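What follows is the residue order along each chain.
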Amino acid sequence: MYAKFQKETANDEHLQELQDVIFNGWPNEKSELIHSLRPYWTYRDELSVIDGLLYKSNKAIVPKALQNEMLDKIHESHLGIVKCKSRARDVLFWIGMGQDIEDKVKACGLCAQHQSLNAKEPMLMPEIPERPWSKVATDLFEYQKQHYLLVVDFYSKWPEVMKLDNETSKNTIDYLKGEMPIFGYIDELVSDNGFLH
């Protein structure tokens, strides 16, 4: 495949023009470039030529003649648009690659069939309480070997962080009770362990 990339890069007029600009230096202004090379202006500091191949950072720039073959390889596992793009962006680059991947996946009947089976569940938004401190979320965490209780009000999104002497449930409840005279009575408390009313 390496030799194939070298051969097709050498035969790709567009990439040869890009190689000349990389070797000879970029102009001071984007407008001084030939139109077909202007999309590379943004990446000019990331482009290099090694052993007859062009790279954008550590990604091989794919010659036009090999782009369909690379699309087939990217898509062969039918991973869907997002994963195919992610897989490709790790090692390959060409202008418009993301759109080409989208078009390839959207044109695949197998991907379309499975996409409807893997539909994302809609995000459920919690009901906003009528008053502050009516519903709060809590979590315990450790920072620099100290234990803390985080409490966030659903109504205002106000966070309170309290340093705990110990992590017993009685101590945690006592800290929460200490907040009630300041903020009001808690009707509902949400934690990792479920709901308490």
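Since we're looking at a predicted model, the values are computed, not measured.

**Q** What is the right way to read the pairing of strand 5 (residues 135-143) from this model?
**A** Consecutive side chains along a regular strand alternate between the two faces of the sheet. Sheet topology places strand 5 next to strand 8 (residues 188-191); three bridges connect them, and they run parallel. Each residue of the ladder has a partner; that of Lys135, found in strand 8, is Glu188. Where strand 5 and strand 6 (residues 146-153) come together, eight bridges link them in antiparallel fashion. By the bridge assignment for strand 6, Val136 is matched with Asp153. Between strand 5 and strand 6, which pair antiparallel one after the other, the connecting turn spans two residues, and Gln144 there sits at a positive phi close to 50°.

**Q** Even after reading the chapter, I still don't get a nonpolar patch on the surface, so can you show me in this structure?
**A** Among the surface-exposed residues, Phe141, Tyr143 and Val161 lie close enough to one another that they form a single nonpolar patch of about 290 Å² accessible area. In this fold, Phe141 is placed in strand 5.

**Q** Whenever I open this one, helix 7 (residues 169-183) confuses me. Can you help?
**A** Two residues of an α-helix separated by three or four positions point the same way, owing to the 3.6 residues in each turn. Spanning 15 residues, helix 7 covers 21 Å between terminal C-alpha atoms, matching the ideal 21 Å at 1.5 Å per step. For helix 7, every residue scored as buried is listed here: Asn171, Thr172, Leu176 and Glu179. Burial along helix 7 is one-sided: seen end-on, the buried residues are contained in an arc of 135°. For helix 7, exposure combined with an orientation more than 90 degrees from the buried face picks out Lys170, Lys177 and Pro181. Elements that come into contact with the buried residues of helix 7 comprise strand 5, strand 6, strand 7 (159-164) and strand 8. Among the residues trailing helix 7, Gly184 stands out with phi positive, at a value near 120°.

**Q** What's the story with the pattern of salt bridges in this structure? I'm lost.
**A** Oppositely charged side chains are able to pair whenever their charged atoms sit close together. Counting across every chain of the model gives seven salt bridges. Its salt-bridge partner being Lys56, residue Glu46 comes within 3.3 Å of it at the nearest N-O pair. Linking Glu46 in the loop between helix 2 (13-24) and strand 1 (47-50) with Lys56 in strand 2 (residues 53-56), this pair joins segments that are ten residues apart in sequence. With its nearest N and O atoms 2.8 Å apart, the salt bridge here joins Asp187 to Arg131. Residue Asp187 is located in the loop between helix 7 and strand 8, and its partner Arg131 is located in the loop between helix 6 (109-117) and strand 5; the two are separated by 56 residues in the primary sequence. For Asp187, a relative accessible area of 36% puts it in the partly exposed group. Ionic contacts of the salt-bridge type, sharing partners, join the residues Lys85, Glu102 and Lys106 into one network.

The rules behind the values
Position labels on residues start from 1 in each chain and follow its written sequence. Restriction of local features to residues with pLDDT of at least 70 applies here, the model being predicted, together with a cutoff of 80 or more for giving and counting side-chain atom pairs; totals for whole chains, interfaces and linings are based on all residues. Only heavy atoms go into the side-chain values, all of them from the structure, while hydrogens and water stay out. Pairing between strands is defined by DSSP: at least two bridges between the two strands are required. Secondary structure counts use DSSP, requiring at least four H or I residues in a row for a helix and at least two E residues in a row for a strand, with both numbered from the N terminus. Residues forming no salt bridge and having over 30% relative accessible area are the ones grouped into patches, like charges within 9 Å of each other and nonpolar side chains (Val, Leu, Ile, Met, Phe, Trp, Tyr) within 5 Å. Methods summary: accessible areas were calculated by the Shrake-Rupley approach with a probe of 1.4 Å, and residue burial reflects only the protein chains presented. A pair is scored as a salt bridge if a Lys or Arg side-chain nitrogen falls within 4 Å of a carboxyl oxygen belonging to Asp or Glu. To estimate how far a helix should extend, the number of its residues minus one is multiplied by 1.5 Å. For every residue, the accessible area (1.4 Å probe, protein chains only) is compared with the maximum for its type, and the residue is labelled buried under 20%, exposed over 50%, or partly exposed between those bounds. It is the directions from the helix axis to the C-beta atoms that the arc portrays. Contacts were defined at the residue level, with two residues in contact if any of their heavy atoms lie within 4.5 Å.

Nothing here speaks to function; it is all geometry.
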